[in-house]
Amino acid sequence: MFDSLATSGGGSASQTTQHATAGVVTAPALRAAVAALAAASGPEGSGAAADAERLELIRALEDLKNAAAGCQAALTAAFDASQLAQQRDAGLPKHRRGRGIAAQIALARRVSPHRGQQHLSLARILQSELPSTARAMRSGLITERSATLMARGTTCLSREDRLLVDQQVAGDPEAVERLGERGVQGAVARWASRLDPAAVVGQRRRAESERCVTLRPAPDTMTYLTALLPVADGVAVYAALTRAADSATAAGTTRTRGQLMADMLCESVLAGATAGPGAAAAGGERADCGAMRPAPATGTGPAAAHTSDVDEPAGVSVTEIRGAPAGTGVVINLLMTERQLFGTGEVSEGEVFMEGYGLVDADLARQMAALTPADRVWLRRIYAHPTSGELVALDSRRRRFPTGVQQLIRLRDQYCRTPWCGAPIRQADHARSHARGGGTSLSNGQGKCQACNLAKEAPGWSTESVDEGGGRHRVVTTTPTGQQYTTGPPEPPGPRSPRSGTDRERRREVTLTFRPRNVA
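Residues numbered from 1 in each chain as written. Predicted model: local features only at pLDDT ≥ 70, side-chain atom pairs only at ≥ 80, totals over all residues. Heavy atoms only, no water.

Undergrad: I would appreciate a short explanation of a nonpolar patch on the surface in the present structure.
TA: On the surface, Val 213, Leu 215, Leu 225, Leu 229, Val 237, Leu 265 and Val 269 cluster together into a nonpolar patch covering about 650 Å² of accessible area. With respect to the secondary-structure elements, Val 213 resides in strand β1 (residues 212–218). With relative accessibility at 57%, the residue Val 213 sits in the exposed group. (Patch = residues over 30% accessible without salt bridge, like charges linked within 9 Å, V, L, I, M, F, W, Y side chains within 5 Å. Areas by Shrake-Rupley, 256 points an atom, 1.4 Å probe, with all protein chains shown as cover. Salt bridge = Lys/Arg side-chain N within 4 Å of Asp/Glu carboxyl O. Helix = DSSP H or I, 4+ residues; strand = E, 2+ residues; numbered from the N terminus. Buried < 20%, exposed > 50% of the residue type's maximum accessible area, 1.4 Å probe, protein only.)

Right, dumping it as structure tokens:
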């Protein structure tokens, strides 16, 4: 049983308690705890009560993993400082100090030197510039991956702004725990784009210069061909492959969707290689995207037709770009305000949501809009509720969601509504099932990936949509063991005053409660 953690190991258990009280931990004590975990079996028997206890133990062990990672980071930072001091006292030249530290960390953690350097870099940043994030990880509230995303997302900011983002995102322990990894990444991107949009653009352009293709082995005589691309290119390539695969599936084929996409990728690349150097190779360097700015809204064309809308109440626009990049004929949806699209006013920057990827900066979104001929750009305005921020509601009496409602659900929810999933939305699902009287409407709809949608149909699962008024709604999901998760859609992206005392970070809210079921 897991109770053995408190008593196993003889003196080691009391030693663990003593060290925990004193705030000092030793390797023998931790190894004794690991041995106790290895010998533990958890609750015995079956039934709702035992299963609920198992889930609670799984959650507690996850907290333990996170706290252990936080402790590792703190120890790594202390080890780094001690090693640097010893090297300095030994008279080692300044340019040689620090060598070998990451390698020792890598050996201790049984990872590659490259990964060891990443752990060391994260530990240094957490210690000096992300104190709230470090406390959240030490408390078991966030994963090491979330802390890494926090560090990477604030790399371009000054130390002052970095500390501000750290406080805003990770300062509230309960809020940062609800965010999950994707939520942390999104919140950091929002704050970075508001505090220093120029730095975010500069970082993105530096990243674009590092685009590359890599190859590494995979099990079963397979290989991973990975392309690191600018977001517009990557999303367009994936969308083109998806569309072609769906067309082939509709025409009838024995191959799966994934097989079709992989085969079409190979055929397209190899066909181009056999035809000789492509246009990209012949053209040399890529054009500087920074020079591709949208024209002022005083000209002609579809964009100018909406210049009178700029002063309308702040809404959310979806820019559909056909032919970006040129020749793909792919639609890319951008969820942004009109002021962001036209680059007007004091709030023209900030984050923009790109369907199929996530948040990008407004400067990149405007560049993408300028990559296509003006007569091939359409603006579809989807205005938000004036008080709640919910997208406009549409409903239907049919069981299947109409295409327009499905698109609104995808744009509103952005990712699968299951807490901490973060997968792309594949299906529009009734929160309250149609068989139980649930309506085919935006307020009763939720975006789901296929796996989560299938999981909620298992015995013992139930979901309900709760109308909170003012256009707001929440979905309450109850698992077979009684845990309840209440989720709401994320707020639409858009700039707000970055340093205002009334400006609150808007998050996808997740609430967890536990109500044991009655056991017969």
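Following the structure, the description resumes.
Undergrad: Even after reading the chapter, I still don't get the packing of aromatic side chains, so can you show me in this structure?
TA: Two numbers describe a pair of aromatic rings. These are the distance of the centres and the angle of the planes. Taken as a whole, this structure holds one aromatic pair when the rule is applied. Both rings, one in Trp 420 and one in Tyr 485, keep their centres 6.3 Å apart while their planes meet at 85°; by these two values the pair is edge-to-face. Of the two residues, Trp 420 is situated in the loop between α17 (403–413) and β9 (427–430) and Tyr 485 in strand β14 (residues 483–487); the sequence distance between them amounts to 65 residues. When the ring centre of Trp 191 is taken as origin, the NZ or CZ atom of Arg 194, which lies over that ring, is 5.7 Å away. In this structure, Arg 216 is placed above the aromatic ring of Tyr 224, and the distance from its NZ or CZ to the ring centre is 4.5 Å. (Phe/Tyr/Trp six-rings, centres within 6.5 Å; stacked < 30°, edge-to-face > 60°. Lys NZ or Arg CZ within 6 Å of the ring centre and 35° of its normal.)

Undergrad: Could you clarify how one ought to interpret the nonpolar core in this entry?
TA: Nonpolar side chains in soluble globular proteins tend to end up buried together. Formed by 29 residues in total, the largest nonpolar core has its most connected members in Leu 126, Met 137, Met 150, Val 165, Val 169 and Val 176. Top contributing element to this core by residue count: helix α10 (residues 173–195), with eight residues. If we skip the residues at most four places from it in the chain, Met 137 touches Asn 66, Ala 67, Ala 69, Gly 70, Ala 73, Leu 126, Ile 142, Thr 143, Glu 144 and Ala 147. One finds Val 352, Val 360, Leu 364 and Ala 365 within the second-largest nonpolar core, a separate group that totals 14 residues. (Core = buried A, V, L, I, M, F, W, Y, C linked by side-chain atoms within 4.5 Å. Contact = heavy atoms within 4.5 Å.)

Undergrad: Can you help me understand the pairing of strand β13 (residues 472–478) in this one?
TA: The side chains of a regular strand alternate between both faces of the sheet. Counting buried positions over the seven residues of β13 gives seven, a clear majority of the element. Of the two faces of β13, the one holding Arg 472, Arg 474, Val 476 and Thr 478 and the one holding His 473, Val 475 and Thr 477 are both buried throughout. Bridge count for strand β12 (residues 462–469) against β13 is seven bridges, and the pairing is antiparallel. Each residue of the ladder has a partner; that of Val 466, found in β13, is Arg 474. Both β13 and β14 contribute to a ladder of four bridges, which runs antiparallel. By the bridge assignment for β14, Thr 478 is matched with Gln 484. Taken together, β13 and the strand that follows it, β14, pair antiparallel across an intervening segment of four residues, in which Gly 482 is found at a positive phi of about 105°. (Pairing = 2+ DSSP bridges.)

Undergrad: Explanation requested: the side chain of Asn 453 in the structure shown.
TA: Assignment of secondary structure puts Asn 453 in helix α18 (residues 450–455). Using a relative accessible area of 11% as the deciding quantity, one classes Asn 453 as buried. At 2.5 Å, the side chain of Asn 453 and the side chain of Gln 427 are in polar contact. Those residues in contact with Asn 453, other than ones at most four positions away along the chain, are Gln 427, Asp 429 and Lys 448. (Polar contact = N/O pair within 3.5 Å; in protein donor to acceptor, adjacent residues only side chain to side chain.)

This is a description of form; function is not addressed.
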